[in-house]
Amino acid sequence: MKFFLDTASLREIEEAASWGVLAGVTTNPTLYAREGGSLAEFHGHIKRICDVCDGPVSAETVGLRRDEIVREGEDLAAIAPNVVVKVPVMPEGLAATKTLAAKGIDVNMTLCFTVPQALMAARAGARYVSPFIGRFDDISEDGLEHLGNMVTAISNYDFGHPVEVIAASIRHNGHVVEAALMGADIATVPFAVLEKLVKHPLTDRGLEAFLADWEKVKNA
Ligand code: G3P
C-alpha cells in the first residue's frame, strides 16, 4: 500500500517527502482553507505542491454542473503533469469524469460511501476511487467494513483502465492497518497520523537500550 498525505500544508508535504515515503498528496477545499489559502493563490499553491511531490496530487473541483467541473478540471490539469482532478461522486461528477478521462486527464472520484458509487466512478473512467472511512465512524457506522466492500467490488472487475482505491478520511493507525490488510492500494493520511504510524513504544525502548549499551562499549 502506498502512502499519500491528506493535506495542503507545504511544510508537512516537504517533511513527508524527505522521509522517502510520500507517494502522492490529496487536497480538498477544507484543507486548503485550513492553510489560509485564497482563491487567487489556489493554482500557485497546487503548483508548489507538485514541485515537492512528483507523485499524483489531487486538486478538487467545486463546480456542481458538468461543464463547470470539466472547465475547472482542465485548468487544474494544466498546472502540472502530476495533477489529478478530484471530483465528487454525483451524476454531474460522473459525466464530467467521463469527459475528463476521455481527454486523458486522471480523475480521483471522492466522497464515495457505497459499492455502487465506487463501481460507477470506476466505470465512468476514474483512475482513483476514494472511499471515506472516518465519516462513517462519525455516524456510528463501521467505515472499515464499507471500505472492505468497495475494495472487493473494485477488484472483482476489469474496467479497461487501471483503478486504484484510496482509503480516505483516515483518523488513526487502526484505519491504516486494516486498509492495508484489505488490499486498499493507497491510504491518504493526515500528517499527524503519518507521524504516529512510524512510531512504536518498543522501537523507542529498543533504541534507548542500544544507546545505553553503546555507551558501555565506548567506555570499555
Ligand atoms: O481527502 C479527504 C478526506 O480524507 C477527508 O477526511 O477527516 O475530513 O473526513 P475527513
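Here we summarise the structure given alongside this text. The structure displayed is predicted, hence computed values, not measured ones.

1. Things to note about the packing of aromatic side chains
And step 1. Applying the stated rule across the entire model yields five aromatic pairs.
And step 2. Plain terms: the ring middles of Phe-113 and Phe-136 are 5.3 Å apart, the flat faces sit at 80 degrees to each other, and that makes the pair edge-to-face. Taken as a pair, Phe-113 in the loop between strand E5 (107–112) and helix H6 (115–124) and Phe-136 in helix H7 (residues 134–138) lie far apart in primary sequence, 23 residues in all.
And step 3. Members of the aromatic cluster, connected to one another through ring pairs, are Phe-113, Phe-132 and Phe-136.
And step 4. Cation over ring: Arg-127 sits above Tyr-128, and NZ or CZ is 4.8 Å from the ring centre.

2. Remarks on the pattern of salt bridges
And step 1. Overall, the coordinates contain 14 salt bridges when judged by the stated rule.
And step 2. The residue Lys-199 makes a salt bridge to Asp-204 at a minimum N-O spacing of 3.7 Å.
And step 3. According to the relative accessible area criterion, Lys-199 is exposed, its value standing at 52%.
And step 4. Here Asp-204 falls in the partly exposed class, since its relative accessible area comes to 32%.
And step 5. The partner of Glu-215 in a salt bridge is Lys-218, and the shortest N-O contact between them spans 3.1 Å. Separated by three residues within a single helix, Glu-215 and Lys-218 lie in helix H11 (residues 201–219), roughly one turn from each other.
And step 6. Residue Lys-218 is classed as exposed on the basis of its relative accessible area of 54%.
And step 7. What you see here is one network of salt bridges that share partners, running through Lys-2, Arg-127 and Glu-164.

3. Re the layout of surface pockets
And step 1. Reported here for the largest pocket is a volume of approximately 260 Å³.
And step 2. In this structure, the largest pocket is lined by 17 residues; those nearest its centre are Asp-6, Asn-28, Leu-31, Arg-135 and Ser-169.
And step 3. Looking at the lining of the largest pocket, the element that brings in the most residues is helix H2 (residues 29–34), giving three residues.
And step 4. Lining of the second largest pocket is provided by Pro-29, Tyr-32, Ser-38, Leu-39, Phe-42, His-43, Glu-60, Val-62, Glu-72, Asp-75 and Leu-76.
And step 5. Listed by contribution, the elements that provide at least two residues to the lining of the second largest pocket are H2, helix H3 (42–52) and helix H4 (66–77).
And step 6. No other element matches the three residues that H4 contributes to the lining of the second largest pocket.
And step 7. Residue composition of the lining of the second largest pocket, by class: six nonpolar, two polar and three charged.

4. Description of the environment of Met-120
And step 1. Mapped onto the elements, Met-120 comes out in helix H6.
And step 2. On the accessibility criterion, Met-120 (45% relative accessible area) is partly exposed.
And step 3. Separated by 26 residues in the primary sequence, Met-120 and Leu-94 place their C-alpha atoms 7.7 Å from one another.

How each quantity is defined
Residues numbered from 1 in each chain as written. Predicted model: local features only at pLDDT ≥ 70, side-chain atom pairs only at ≥ 80, totals over all residues. Heavy atoms only, no water. Phe/Tyr/Trp six-rings, centres within 6.5 Å; stacked < 30°, edge-to-face > 60°. Helix = DSSP H or I, 4+ residues; strand = E, 2+ residues; numbered from the N terminus. Lys NZ or Arg CZ within 6 Å of the ring centre and 35° of its normal. Salt bridge = Lys/Arg side-chain N within 4 Å of Asp/Glu carboxyl O. Buried < 20%, exposed > 50% of the residue type's maximum accessible area, 1.4 Å probe, protein only. 1 Å grid on protein atoms, 1.4 Å probe; cavity = no way out; pocket = protein on both sides within 12 Å on 5 of 7 lines; lining within 4 Å. Points joined across faces, edges and corners; volume = space filled by probe spheres on them. Nonpolar A, V, L, I, M, F, W, Y, C, P; charged D, E, K, R; others polar.

Any functional reading would require information beyond the geometric quantities listed.
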